[in-house]
Amino acid sequence: MPERTVTSRLQLSGLCFLLQTLTIILFAVFVRYSPESSAELCLQQLNCSRRKLDLGFQHPRFRDGHLQALLGFGLLVAFLGRYGPGSVAISILTMAFAVQWAILIQGFLHFFLNGKIQVGAQSMVSADFCTAAILISAGAVLGRVNPVQMLLLTLLGVTLFSLNEYILLSLMGVSDSGGSLTVHAFGAYFGLMVSRILHQSQMDKRKEQQDVGPLSDVFAVVGTIYLWIFWPGFSSATTAHDNAEPWAVLNTYFSLAASTLATFVLSPVLYEESTPRMVQIQDAALASTAVMGMPGEMLVTPFGALVAGFLAGLISLLGFRFLTPVLRSRLKIQDTCGVHNVHGLPGILGTLLGTLLAALATADAYSGRLELVFPLVAQGSRTATDQALCQLCALPVTLLLAALGGGLGGAVLKLKGLRSPPDTRYPESKVLREVAEEGPDCGVSRKEPGTSTVV
């Protein structure tokens, strides 16, 4: 076994031990369970927790968010035919660390009381949202970063996500309960900037290993089903008041349905297949949830949710067909999982829709729900036009922070000691083993099951 490979494995082992030890110490010093009375406290820092929290509703929200982050995103990265298990393994590694680090960073910003971080169901939901953004970023660099690099990227990404969330939700008073901007757009463009910085000219000389086989189609089927079951609950997890939840849930369902139809409308036109592949349906479904993140709990109406979902599905397919080649050839961005089309563009569309709905918000239209969606407008300290301006200004703030942070992250990952041995045959993300290919024409050697290929 090459000496460099052994060193890389020891780096991963040592970094995991160091990070886990650090988080254990920080948890021991700062993290405590929230007292029962905290359910009635009005924590003003997070936009999503300005309402009274009903703990009876928190466990289902945490369950949906956690399952969606773990299973939904884990299955999304399994589309690489030969390296699916390794990709899922990196997703689990990322989530395991991201949740712990997010509890600490978000806790200092949002849940810090009397010198301690108060941990409850709501803080866990917020950590899952943060983890989702990091997993979106990972989709842009999948196959070109090793586990050590991914852990360091998670360390930086969680910190920047929490900072962006604090600026938008706390300082600017932006309403983004489902994360069109804070989760989808930030995660996508942070990852894309990292991908751009990590670009290597020799990578263009080989065909990217993105083969999709029958097993990948099975993963896509299961992933799509999980999206339909759990994402409405995930996107509404921060609408803590039970009376506000149905809007976010129903709007997400309507958007999912319309985006699925959009796939069947456009896919036969753009591609030779008469029936869309499950991966395409899965991508369109994800795009619809991204576009409903911000306007989901607003008065978008069922008609508006259908239109937004339909547009998101069309944008996703058109992006894969026309924009992805441009990103690769002109901008030198290798977007492995297509996060620009699935999360980035729909997230921006959702932000623009949320801005429009904020400008049209009135007490008569929202009745008693205006305080839940736009509390500053309901209190009279901000007009609807001012709220819409804040929603719109949050977009360049997020894109700027994502771009700067992604540039910094890419520069760190390019340090000589962190890079993997140059190997144009295999993506760097395989952690468990290579799945043996069938047929005599496969161009790579097979490995015995269980053989470690951490690079």
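Relevant structure appears above.
Just so you know, these numbers come straight off a predicted model, no measurement behind them.

K.L.:
I'd like a rundown of the overall build of the chain, residues and numbers included.
P.N.:
Scanning the chain from N- to C-terminus turns up 15 helices and three strands. Going through the 455 residues of the chain one by one, you find that 56% of them count as buried. Relative to all contacts within the chain whose residues are 6 or more apart in sequence, the contacts with residues 24 or more apart total 81%. Summed over its atoms, the accessible surface of the chain is roughly 18,700 Å², and 67% of this surface lies on carbon and sulfur atoms.

K.L.:
Describe the environment of L360, and please don't skip the residues or the numbers.
P.N.:
With respect to the helices, strands and loops of the structure, L360 is situated in the loop between α11 (339–359) and α12 (363–366). Between the C-alpha atoms of L360 and T385, which are 25 residues apart in sequence, the distance is 8.1 Å.

K.L.:
Explain the packing of aromatic side chains residue by residue, including any values.
P.N.:
Going through the model one piece at a time under the given rule, you end up with eight aromatic pairs. Seen in terms of ring centroids, F30 and F112 are 6.5 Å apart; in terms of plane orientation they differ by 50°. Their pairing is tilted. Placement of F30 in helix α1 (residues 3–30) and of F112 in strand β2 (residues 112–113) is noted, with a sequence separation of 82 residues between them. Look at Y366 and F374: their rings are 6.0 Å apart centre to centre, the planes differ by 75°, and that puts the pair in the edge-to-face class. Per residue, the accessibility class of Y366 equals that of F374, and both read buried. Taken together through their ring pairs, the aromatic side chains of F30, F108 and F112 make up a single cluster. Over the ring of W247 we find R369; its NZ or CZ atom is 3.3 Å from the centre of that ring.

K.L.:
Can you break down the pairing of strand β3 (residues 116–119) residue by residue, with the values?
P.N.:
Sheet analysis places strand β1 (residues 31–33) next to β3, joined by three bridges and oriented parallel. Within the sheet, the bridge partner assigned to V31 lies in β3 and is I117. Bridge count for β2 against β3 is two bridges, and the pairing is antiparallel. Counted as the bridge partner of F112 is I117 from β3.

K.L.:
Lay out a nonpolar patch on the surface in plain terms, naming residues and giving numbers.
P.N.:
A cluster of nonpolar side chains, contributed by V218, V221, V222, I225 and I229, occupies part of the molecular surface with about 390 Å² of accessible area. Secondary-structure assignment places I229 in helix α7 (residues 214–235).

K.L.:
Quick one: what's the story with the sheet that holds β1, residue by residue and with numbers?
P.N.:
Across the sheet, three strands lie side by side as β1-β3-β2; this open sheet has mixed pairing. Bordering the open sheet on either side are β1 and β2, each of which pairs with just one other strand.

K.L.:
Quick one: what's the story with the packing of helix α9 (residues 278–291) against α11, residue by residue and with numbers?
P.N.:
Packing of α9 against α11 leaves a shortest axis separation of 7 Å and a crossing angle of 30°. Between α9 and α11, the interaxial angle falls into the category roughly parallel. With respect to the hand of their crossing, α9 and α11 are arranged in right-handed fashion. Between α9, through D283, L286, A287, A290 and V291, and α11, the contact on the second element is made entirely by N341, V342, H343, P346, G347, L349 and G350.

K.L.:
Give a description of the side chain of Q118 that names residues and reports values.
P.N.:
Within the secondary structure, Q118 sits in strand β3. Sequence-distant contacts of Q118, defined by excluding residues within four places in its chain, comprise R32, Y33, S34, P35, F111, L113 and S123.

K.L.:
Please provide a residue-by-residue account of the environment of S180, values included.
P.N.:
Here S180 lies in helix α6 (residues 180–197). With a relative accessible area of 0%, S180 lands in the buried category. Here the alpha-carbon distance between S180 and L345, two residues 165 residues apart in the chain, equals 9.8 Å. Sequence-distant contacts of S180, that is, excluding residues within four places in its chain, are made with A185, A290, V291, M292, G293, M294, P295, G347, G350 and T351. There is a polar contact of 3.0 Å between the side chain of S180 and the backbone nitrogen of G293. For S180, the side chain forms a polar contact with the main-chain nitrogen of M294, separated by 2.7 Å.

K.L.:
Hey, could you go over the packing of helix α5 (residues 147–171) against helix α15 (residues 384–413) for me, with residue numbers and the actual values?
P.N.:
Across the interface, α5 lies against α15 with an axial gap of 10 Å and an inter-helix angle of 160°. Overall, the two elements α5 and α15 adopt an arrangement that is roughly antiparallel. As for the relative orientation of α5 and α15, their crossing is right-handed in sense. The residues of α15 that touch α5, namely those facing Q149, L152, L153, L156, L160, L163, N164, I167 and L168, are A394, V397, T398, L401, G405, L408, G409 and L413. When the residues that make up the contact of α5 with α15 are grouped by side-chain class, the tally is 12 nonpolar, five polar and no charged.

Reading the values: the criteria
- Residues numbered from 1 in each chain as written.
- Predicted model: local features only at pLDDT ≥ 70, side-chain atom pairs only at ≥ 80, totals over all residues.
- Heavy atoms only, no water.
- Helix = DSSP H or I, 4+ residues; strand = E, 2+ residues; numbered from the N terminus.
- Buried < 20%, exposed > 50% of the residue type's maximum accessible area, 1.4 Å probe, protein only.
- Contact = heavy atoms within 4.5 Å.
- Areas by Shrake-Rupley, 256 points an atom, 1.4 Å probe, with all protein chains shown as cover.
- Phe/Tyr/Trp six-rings, centres within 6.5 Å; stacked < 30°, edge-to-face > 60°.
- Lys NZ or Arg CZ within 6 Å of the ring centre and 35° of its normal.
- Pairing = 2+ DSSP bridges.
- Patch = residues over 30% accessible without salt bridge, like charges linked within 9 Å, V, L, I, M, F, W, Y side chains within 5 Å.
- Salt bridge = Lys/Arg side-chain N within 4 Å of Asp/Glu carboxyl O.
- Axes fitted to C-alpha atoms, helices over the stretch in contact; angles between N-to-C directions.
- Parallel < 35°, antiparallel > 145°, perpendicular 65-115°, else oblique.
- Left-handed = near helix turned anticlockwise from the far one by under 90°.
- Polar contact = N/O pair within 3.5 Å; in protein donor to acceptor, adjacent residues only side chain to side chain.
- Nonpolar A, V, L, I, M, F, W, Y, C, P; charged D, E, K, R; others polar.

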